[in-house]
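Here is how the chains run, residue by residue.
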Amino acid sequence: MLRRSLLLLTFVAIVVISGDLIATVIKANNVSVEQSENALVVEGDFRFELSPRLEEALNHGVPLYFTVEFELLRPRWYWFDEKVASETRTLRLAYHTLSRQYRVSRGALYQNFPTLEEALRTLGTVRGWIVVEGDRLSPEEGYVAMLRLRLDTAQLPKPFQVSALTSSEWVLASDWVRVPFRSKASGSAIP
Amino acid sequence: MTYVLITSAALGGILLFLLAAASANTPLFAEHYPLLLALNAAISTALLALVVYQLVVLARQRRAKVFGSLLTFRLLVMFAIIAVLPGALVYTVSVQFLAKSIESWFDVRVDKALEGGVSLGRAALEAMLSDLVRKADSMALDLSGVKGPQQTKALGRLREQAGVDDALLLTPGGSVLSSASREAATLVPSMPPAKALRQARSTRSYTAIEPQGDHGMLLRVIVPVDSLSLSEETRLLQITNSVPQSLADQSESVQSVYHAYKELSLSRHGLRNIYILTLTLTLLLALFSAIALAFLLSRKLSQPLAVLAEGTQAVARGDFSRRAKVTSRDELGVLTQSFNSMTEQLDEARSTAEANHRQLEIAKGYLENLLANLSAGVLVFDSAHVLRMINHAAGNILQENLEMLLGTRPGSWTKLSEVAETLCEQFSKQLAGVWQRQIELGDRVIVLRGSALPATTGGGDVVVFDDITQLIAAQRATAWSEVARRLAHEIKNPLTPIQLSAERLQAKLASRLTGEDALALHRSTQTIVAQVNAMKNMVDDFREYARTPSPALEPLNINDLLGEVLALYEQSDLVVRAQFETGLPAVLGDRNQLRQVVHNLLQNSLDALAGIPAPHIEVSTSFVAGPAGGQVRLMISDNGTGFPEAIIQRVFEPYVTTKNKGTGLGLAIVKKIVDEHHGNITIANRPDHGGERGATVSISLPLP
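Here the structure is a predicted model, which is why all the values come from computation and not from measurement. (Residues numbered from 1 in each chain as written. Chains lettered and ligands numbered in written order. Predicted model: local features only at pLDDT ≥ 70, side-chain atom pairs only at ≥ 80, totals over all residues.)

Each helix and strand in chain B was counted, giving 17 helices and 17 strands. Out of the 704 residues belonging to chain B, those deemed buried represent 26%. Taking contacts inside chain B between residues at least 6 apart in sequence as the whole, the part at least 24 apart equals 61%. (Helix = DSSP H or I, 4+ residues; strand = E, 2+ residues; numbered from the N terminus. Buried ≥ 20, exposed ≤ 12 C-beta atoms within 10 Å, placed from the backbone. Contact = placed C-beta atoms within 7 Å.)

Structure follows, in structure tokens:
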């Protein structure tokens, strides 16, 4: 009897946890990887909305941190893929109550927006991100570039972190977008 | 088990401390908070698993009815209650208190005040903004007529009049026509964003409060400057003014407090969850540790009982060697010690009983041995007169296999009917004392003595019997010798006077008588004398039989003795065949008496051979190996008339004879002599073959 109820409990817990992890509301469009002469440039658009709970928190002055993550893998048939490079970029979204402006900032740079939609559109737009210096790529070889955007719950205030552990409203992330590509021949070969 | 428990509890304690530290705002653990939570939960689960495992083990023991498991279970339940009840109480109160106290932090009035503060700030900014809009409108009106190179001058003047920081005149496309600034250093004023221009063109007005960097705010207003002529395009006027630093700082600080308060207010659920989670984990860790510990303690308490139970079971199996180990000095230890001493006493008692039993067995064996070697027969009956016990001699005497009669009553016996009848008769009399009966079984006489066993030993009867045939024969022989002695004496006394008187008559009257008288006298006296002599001989014989002296035993060779006697019987018409085994050992015997034995036997044979054609006598000796060094056997057989069947059983008794003359004492004397030599004599008729009959006498004499 006891054993059966324990089993049931475990099962329920698994279902709940996995259901939470599934939540993905960020859609990625137009992700592209361009290899210019000496750099690898990533571009992409992430379109999403905030859940009511997140929006409420934002409008009450809680800053939200988003992370754009990039990984470059070299597939290996005999072993796990080799991670050639990984880059992250952190974006901060905050609301200024006095001026009713949304501010997206990256490092010291910032931009103000009167509406959340505009702020989110700017936040989700990745343009000309130089992720890897060109000479780190071997010429004529297959790579997979992976890109995603997610809400960094670890930078939330701690009580929200606890909520984020159990509630899907606090989880916001896109799937990894995989872009396989072939590196160009070495730069010297280009006239 | 103990180590698992201690490790888990210690680990749980450390993790709890870390968790509590992380719940407070320590940055070191902040980022590992979920990991800490998970670890704590894992430890709790491990402890729960331990408790469940212990419970399962206990349940299995209960089902297997292991001694002490019920006590363990009860103690466990009691310990668990002691641990759970206060824990649950403290937990409930804490959770209630926590919820209440966290809720009490948030107050509608504070909320309103902060909100009001923020609104106040915003209203001030709005007021400044609308003031700016008014100034912009009047400036736009003033500027509407101004064109070309006068613009810059007019703009500078108007800016000065309005008292704003910066003024900028733009084309609809956003190109700067002219600008004026309060501080000459900032030659390039803040450019409006494209959206603002678009909005200003479409809605004829754009106003914004723009936060600048970390602190400071900028008020921006864009209005169109209408032209007087239609041909001219509409210009745009932007004026910007920075919010006074003190106002900006104060409203910013109000805003940050408002934000902090709102954040707290929003996160109060999460906060409460953190504390409740920490509390719950603490409770679970403490509870499971306590229960697991309770399990160990109750196990330890009930352990001595299990040891005792094991000892008890061993004793029940009859194993007294087991000693329960005394582990504690409390009452249980005392109990264990008492149990041990009890076991010891039991062991001693049992060994004593065993010794007694063994002695009884020995006594019984001795008794049985005695019974078996008793020459008399013994029959034991129980109170229902069923035969229970016999001895070996009983079967020998009755010449029957009595084993088959064990467990039966005499009434149902199919054989030994005389014995059975006697026993039934005696049993039916219910005599308490001793009875004695004499019965004849064929030629044997048996005397039965019975006595009832005392009722205290279960009742029943014991019957002892013996074959007294030999005894009676001996008694008869003794009686005969006594009779013979007296008779001989009484008869012989008058014979001499009779003879003397007859001779005197002869002597006195012979001369006086003549003729026939003298002859008659002579004949009569002769007859008297002859008969008296005959009677004297007879009496002598008789006395001889009665007074045969004890033999003077000496070693002698039987062959030599036979040779001497046989020499006297060498007659022409009698064939005596002698077959002597050479090298016979000497026997102990009286030479004269043995010679008489042979004489008597040969005489008997001669008498039996009278009138038999081709008479012959066979005399043979031989050595017969036997238990006591063997015997020498002497056999004399003839082909005479043999013994009549009627008297062959009694030929050794005096005066039993088939002959017309003779005293009938010959064989009686032979028998007596042989008996005194401790020998054995048998007489049998030879089997009748071819009309030839005869008798065989066989004498066995023991060696010295």
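Once that is clear, we can look at the overall build of chain A. A count of helices and strands for chain A gives four helices and nine strands. The secondary structure elements of chain A, listed N-terminal to C-terminal, are α-β-β-α-β-β-β-β-α-β-β-α-β. For chain A, the proportion of its 191 residues judged to be buried stands at 26%. Pairs at least 24 residues apart make up 65% of the contacts formed inside chain A by residues separated by at least 6 positions.

All names here are of chain B. Relative to the 26 Å expected for 18 residues at 1.5 Å per residue, helix H16 (residues 591-608) spans 26 Å between its end C-alpha atoms, a close match to the ideal helical length. For H16, the complete set of buried residues consists of Gln593, Leu594, Val597, Val598, Leu601, Leu602, Asn604, Ser605 and Ala608. Buried residues along H16 sit against helix H15 (558-567), strand E13 (587-589), strand E14 (616-624), strand E15 (631-638), helix H17 (666-676) and strand E17 (695-702). (Expected span 1.5 Å × (residues − 1).)

With that out of the way, let us pick up the interface of chain A and chain B. The interface is formed by 21 residues belonging to chain A together with 27 residues belonging to chain B. If you list the elements that add at least two residues to the side of chain A that touches chain B, you get helix H2 (52-59) and helix H4 (158-166) of chain A. Here the side of chain A that touches chain B takes seven residues from H4 of chain A, the largest share from any one element. Taken together, the residues of the side of chain A that touches chain B sort by class into 10 nonpolar, nine polar and two charged. (Nonpolar A, V, L, I, M, F, W, Y, C, P; charged D, E, K, R; others polar.)

Here we take up the sheet that holds strand E1 (residues 166-170) of chain B. Residues and elements named next belong to chain B. The sheet built from five strands is open, its strands ordered E2-E1-E5-E4-E3 with antiparallel pairing. Strands at the two margins of the open sheet, each flanked by one partner only, are strand E2 (176-181) and strand E3 (206-211). On average, adjacent strands in this sheet sit at an angle of 15° to one another, irrespective of strand direction. Here strand E4 (residues 217-225) runs beside strand E5 (residues 235-242); their pairing, made up of eight bridges, is antiparallel. Paired with Pro224 across the strands is Leu236, a residue of E5. (Pairing = 2+ DSSP bridges. Axes fitted to C-alpha atoms, helices over the stretch in contact; angles between N-to-C directions.)

Turning to the packing of helix H3 (residues 33-63) of chain B against helix H4 (residues 69-105) of chain B, a few remarks are in order. Residue and element names in this part refer to chain B. Contact pair H3 / H4: the axes reach a minimum separation of 9 Å and the direction vectors enclose 140°. The orientation of H3 relative to H4 falls into the category oblique. Like other packed secondary-structure pairs, H3 and H4 cross with a definite hand, here left-handed. Side by side, H3 and H4 meet where Leu58, Gln61 and Arg62 of the first sit next to Ser69, Leu70, Thr72 and Phe73 of the second. (Parallel < 35°, antiparallel > 145°, perpendicular 65-115°, else oblique. Left-handed = near helix turned anticlockwise from the far one by under 90°.)

With that settled, the discussion passes to helix H10 (residues 331-373) of chain B. Residues spaced three or four apart along an α-helix face the same direction, because each turn holds 3.6 residues. If you check H10 of chain B, its first and last C-alpha atoms are 62 Å apart, about what 43 residues at 1.5 Å a residue would give, namely 63 Å. Judged by how many residues are buried, H10 of chain B sits mostly at the surface: two of 43 residues are covered.

For any two helices packed against each other, the geometry is given by the interaxial angle and the distance between the axes. All names here are of chain B. The interhelical angle for the contact between H16 and H17, taken along N-to-C directions, is 145°, at an axis separation of 9 Å. Crossing geometry of H16 relative to H17 is assigned as left-handed. Across from Gln593, Gln596, Val597, Asn600, Leu601, Gln603 and Asn604 in H16, the residues of H17 making contact are Gly666, Ile669, Val670, Ile673 and Val674. Per-class residue counts for the contact of H16 with H17 are six nonpolar, six polar and no charged.

It is worth spelling out the pairing of E5 of chain B at this point. Residue and element names in this part refer to chain B. Of all the eight residues making up E5, seven are buried; the element is thus mostly covered by neighbouring parts of the structure. Sheet analysis places E1 next to E5, joined by five bridges and oriented antiparallel. Paired with Ala167 across the two strands is Ile239, which belongs to E5.

A few words on the confidence of the model for chain B. Chain-level statistics for chain B give a pLDDT mean of 82 and a share of 94% at 70 or above. If you check the scores for this complex, the pTM reads 0.52 and the ipTM reads 0.70. (pLDDT = per-residue confidence, 0-100.)

What follows covers the confidence of the model for chain A. For chain A, per-residue confidence averages 79 on the pLDDT scale, and 83% of positions sit at 70 or higher. Note on residues 187-191 of chain A: pLDDT under 50 across the span, and three contacts to partners over four residues away in sequence or across chains.

Residue and element names in this part refer to chain B. Phi is positive for Arg204, which is not a glycine, with a value near 65°. The topology assignment puts Arg204 in the loop between helix H7 (194-203) and E3. Exposure remark for Arg204: the 13 C-beta atoms within 10 Å place this residue in the partly exposed category. The backbone of His678 shows a phi angle near 60°, a positive value even though the residue is not glycine. Along the chain, His678 falls in the loop between H17 and strand E16 (680-685). The exposure class assigned to His678 is exposed, which follows from the 11 C-beta atoms found within 10 Å.

Next up on the list: the pairing of strand E6 (residues 377-381) of chain B. A regular strand places its side chains so that they alternate between the two faces of the sheet. All names here are of chain B. Only one face of E6 is buried: it carries Gly377, Leu379 and Phe381, and the other face, with Val378 and Val380, is open. Pairing between E6 and strand E10 (residues 461-467): five bridges, direction antiparallel. Residue pairing in the sheet places Phe381 in a bridge with Asp461 of E10. With three bridges joining them, E6 and strand E7 (residues 387-390) adopt antiparallel strand pairing. By the bridge assignment, Val380 is partnered in E7 with Met389.

For the rest of this paragraph, the subject is the environment of Gly318 of chain B. All names here are of chain B. Residue placement: Gly318 occurs in the loop between helix H9 (268-317) and H10. The exposed category is assigned to Gly318, around which 8 C-beta atoms lie within 10 Å. For the pair formed by Gly318 and Leu346, sequence separation is 28 residues and the distance between their alpha carbons is 9.8 Å.

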